[in-house]
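# Structural features, examined
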Amino acid sequence: MKKYVALLLALVMAFALTACGSSSSTADNGSAAAESADASEKLIFGTSADYAPFEFMYPDENGDLVYGGIDVSVAQYIADYTGKELQVENMGFDYLLASLQKGDFDMVIAAMEASDERKESADFSDPYFTDYPPMVLVRADEAANFTSTDSFDGLSVGAQTATTKEAIVNDELTGAVLVSLQNVNDLVNQLVNGKIDAVVLDGAVAMQFAATNDDLAVAEGVDLGEAYPYCVAVAKGDPKGLLPGINAAIAEMVANGKIDEFVELADSLGDVAVEVSAD
């Protein structure tokens, strides 16, 4: 009788464990499906929020730091157009395309030109904006010393790591010594503190720093050539099929003059932009 009861209890316990396992598996699958659905409804946007007026952070009416800038507005427009919720991820510029390849982001928007080198590791949208030509930011009391690209011989000139501005320093500024740093704010701080002599930036960015800091100015006599348009980057081969929707959003955005609104909004926030490091 004891053996029979023991056998019966063993069978009941085995059934209970099997039932529990089946229930847990169903719950896990349901949770995974929900996470997958949530992921499909998000558009993850990678940027480097140290580049006003294109991407920066500022305090909202509650004092919380939020993302703003021309590129952030472009990303939000694309998300709204494609019916997705925008999620912003902040990272050093030099890691953006590598993280895009790994699948950390759906797209990268960071005042990025579609250079031949970058096209080897990412695909790019139609252009959405063309900036002022690149400019050289210098200390205001020394601005008159810089009259041409030959004025930088033997001087230290900064550029953000992995940007086309590094090539400008090396190829266009005769005799300049390149100083590469990941964060643009760090470059500008070094300029203000006299540790470097100049910084090469996209035109609107250089003008933004000069407008908000009386110690800085744009070297007016230095011509660094034309500006190239900015594009949205997606993973090579566009595995998620995002480019058609992104290009359609850009076409509508440009046709409706939205970029001008985004520029105006970014300019209005320029005075409250704060220095941040990548997450």
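Scroll up for the structure.
In this text, all values refer to a predicted model and were calculated from it rather than measured experimentally.

Each value, and the rule that gives it
Residues numbered from 1 in each chain as written. Predicted model: local features only at pLDDT ≥ 70, side-chain atom pairs only at ≥ 80, totals over all residues. Heavy atoms only, no water. Helix = DSSP H or I, 4+ residues; strand = E, 2+ residues; numbered from the N terminus. Buried < 20%, exposed > 50% of the residue type's maximum accessible area, 1.4 Å probe, protein only. Contact = heavy atoms within 4.5 Å. Areas by Shrake-Rupley, 256 points an atom, 1.4 Å probe, with all protein chains shown as cover. Pairing = 2+ DSSP bridges. Phe/Tyr/Trp six-rings, centres within 6.5 Å; stacked < 30°, edge-to-face > 60°.

## Focus: the overall build of the chain
Looking only at helices and strands, the chain features nine helices and 12 strands. Per-residue burial over the chain gives 42% buried out of 279 residues. Pairs at least 24 residues apart make up 73% of the contacts formed inside the chain by residues separated by at least 6 positions. Carbon and sulfur atoms make up 52% of the accessible area of the chain, which totals about 14100 Å².

## Here's the deal with the side chain of Ser 125
Inspection of the secondary structure assignment puts Ser 125 in the loop between strand 6 (122-124) and strand 7 (135-139). Residues within four places of Ser 125 in sequence aside, it is in contact with Cys 231, Val 232, Leu 243, Ile 246, Asn 247 and Ile 250.

## A closer look at the environment of Val 192
Relative to the assigned elements, Val 192 resides in helix 6 (residues 184-192). For Val 192, a relative accessible area of 31% translates into the label partly exposed. Separated by 53 residues in the primary sequence, Val 192 and Arg 139 place their C-alpha atoms 6.6 Å from one another. Those residues in contact with Val 192, other than ones at most four positions away along the chain, are Arg 139, Asn 213 and Leu 216.

## Structural notes on the pairing of strand 3 (residues 65-68)
In this sheet, strand 3 lies alongside strand 2 (residues 56-59) in antiparallel orientation, the contact comprising four bridges. The residue of strand 3 that forms the bridge with Phe 56 is Gly 68.

## Side note on the packing of aromatic side chains
Under the definition given, this model contains seven aromatic pairs. Taken together, the aromatic side chains of Tyr 51, Phe 54, Phe 129 and Tyr 230 make up a single cluster linked through ring pairs.

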